[in-house]
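Read off the chains here:
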Amino acid sequence: MKKKIFIILLLGIYWNSFSQYGYKRFFSSLGVTGKYMKAPKYTGYDFNATFIARYNFVEINFENTISVEIRPQIGIGTRDWYIYGAYPETFPTRMSYALPVLLNYNWGLNAEENSIFLTGISFGAGYNYSNVVSDEPPYEAIQGPCFNLDFRVDANPVSHISFLYTLGNDDSRMYSVGFFYDF
């Protein structure tokens, strides 16, 4: 019994130390992302609806935080298979999806709920996986490390502009631009 009370007490202290008064940990955004990709065997374009879920796990002060974020994306994409002679020149438009996971440093607006600045910036790195759904070969996804730079402005409805660069497998590259509303 004493062991259970001790564990509950330690968990309470641990939880309390990470839930400071007035400190918002979860942030979210919703928007659209346009992507251009260049791979050794094809080029392509994707247009996706994107949801950003961000968790601030370190608060340096009201203007500086470190966060982890997940950006699930779903939309439409097309590929131009210019290497393969056996396939049609243009890959049909298909459902596309991506899942970037990022570790970011946030400063200024929306880095924390009580920021006094009217602009903000964040930058970081992570891993990205992007593909289109297809029942015909070839099946080529772009995946690899990614780097992002975000700008936030105090405006509606677009309050967050994001640039994401993915250095993919087999010398592939992906360039993304997103427009988001933070809520």
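Predicted, not measured: the structure shown is a model, and the values here were computed from it.

By volume, the largest pocket amounts to about 220 Å³. In terms of lining, the largest pocket is formed by 16 residues, of which the most central are Leu109, Asn110, Asp154, Ser159 and Asp182. Of all the secondary-structure elements, those providing two or more residues to the lining of the largest pocket are strand S8 (142-153) and strand S10 (173-182). Residue composition of the lining of the largest pocket, by class: 6 nonpolar, 4 polar and 6 charged.

Moving on: a nonpolar patch on the surface. Residues Val32, Phe123, Leu149, Phe151, Val158, Phe163, Val177 and Phe179 make up a contiguous nonpolar surface patch of about 630 Å² in total accessible area. Broken down by secondary-structure element, the contributors of at least two residues to the nonpolar patch are S8 and S10. Tracing the backbone shows Phe163 in strand S9 (residues 160-167).

So, how was this worked out
- Residues numbered from 1 in each chain as written.
- Predicted model: local features only at pLDDT ≥ 70, side-chain atom pairs only at ≥ 80, totals over all residues.
- Heavy atoms only, no water.
- 1 Å grid on protein atoms, 1.4 Å probe; cavity = no way out; pocket = protein on both sides within 12 Å on 5 of 7 lines; lining within 4 Å.
- Points joined across faces, edges and corners; volume = space filled by probe spheres on them.
- Helix = DSSP H or I, 4+ residues; strand = E, 2+ residues; numbered from the N terminus.
- Nonpolar A, V, L, I, M, F, W, Y, C, P; charged D, E, K, R; others polar.
- Patch = residues over 30% accessible without salt bridge, like charges linked within 9 Å, V, L, I, M, F, W, Y side chains within 5 Å.
- Areas by Shrake-Rupley, 256 points an atom, 1.4 Å probe, with all protein chains shown as cover.
- Salt bridge = Lys/Arg side-chain N within 4 Å of Asp/Glu carboxyl O.

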